[in-house]
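Results of the structural survey
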Amino acid sequence: QVQLVESGGGLVQPGGSLRLSCTVSESIFSTYDMGWCRQAPGKQRESVASISRSSRTNYADSVKGRFTISRDTAKKTVYLQMNNLNAEDTAVYYCNAVLKLIIRQEYWGQGTQVTVSS
């Protein structure tokens, strides 16, 4: 089974930064499209950022210019650098992986809490 483990969440003041990490168990990490989603209490899960296996990136409008998604194939890890955080960024952040091989397969991590508060 593909396993994803997130880390790096925590409490940060407005304007601060955090770097989330997601390590994938599969050795074929480079074949997966990777992404970060988040879910705040009472809200639907929303896509924050994604990076394809061809390294194309996509960001939600609300985080453009502040968040950066990247991947390290050797470490089988995807990162989300979050800068200039504000209260609206408070949520549980989930890492996900999508493999398109004959059929579409999607996997999710357990999530890591990010709280932005003064």
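To keep things clear, this report deals only with the structure shown in the data block. Keep in mind that this is a model prediction, so the values were computed, not measured.

Notes on the nonpolar core
Grouped together as the largest cluster of nonpolar side chains are 32 residues, with contacts concentrated most on Leu 4, Met 34, Trp 36, Val 78, Leu 80, Met 82 and Tyr 93. Mapped onto this core, the elements with two or more residues apiece are strand 3 (18-24), strand 4 (33-39), strand 5 (46-51), strand 7 (67-72), strand 8 (77-82), strand 9 (91-101) and strand 11 (112-116). When near neighbours in sequence (up to four residues on either side) are disregarded, Leu 80 contacts Leu 18, Arg 19, Leu 20, Trp 36, Val 48, Ala 49, Phe 67, Thr 68, Ile 69 and Tyr 93.

Overview of the pattern of salt bridges
Applying the stated rule across the entire model yields 7 salt bridges. Of the charged contacts, one joins Lys 64 and Asp 61 as a salt bridge, the two residues approaching to 3.2 Å between their closest N and O atoms. Across the salt bridge formed by Arg 66 and Asp 89, the nearest N and O atoms sit 2.8 Å from each other. Of this pair, Arg 66 sits in the loop between strand 6 (57-59) and strand 7 while Asp 89 sits in the loop between strand 8 and strand 9; the two residues are 23 residues apart in sequence, bridging distant segments of the chain. The pair Arg 66 / Asp 89 is uniform in exposure class, with both members buried.

Remarks on the pairing of strand 3
The element strand 3 is extensively covered by neighbouring structure, given that 5 of its 7 residues are classed as buried. Two strands pair when backbone bridges link them, and strand 1 (residues 4-7) and strand 3 are joined in this way by 4 bridges, in the antiparallel orientation. Across the sheet, residue Ser 7 finds its bridge partner in strand 3, namely Ser 21. Looking at chain direction, strand 3 and strand 8 are connected through 6 bridges and run antiparallel. Pairing of Leu 20 across the sheet is with Leu 80, part of strand 8.

Procedures and definitions
Residues numbered from 1 in each chain as written. Predicted model: local features only at pLDDT ≥ 70, side-chain atom pairs only at ≥ 80, totals over all residues. Heavy atoms only, no water. Core = buried A, V, L, I, M, F, W, Y, C linked by side-chain atoms within 4.5 Å. Buried < 20%, exposed > 50% of the residue type's maximum accessible area, 1.4 Å probe, protein only. Helix = DSSP H or I, 4+ residues; strand = E, 2+ residues; numbered from the N terminus. Contact = heavy atoms within 4.5 Å. Salt bridge = Lys/Arg side-chain N within 4 Å of Asp/Glu carboxyl O. Pairing = 2+ DSSP bridges.

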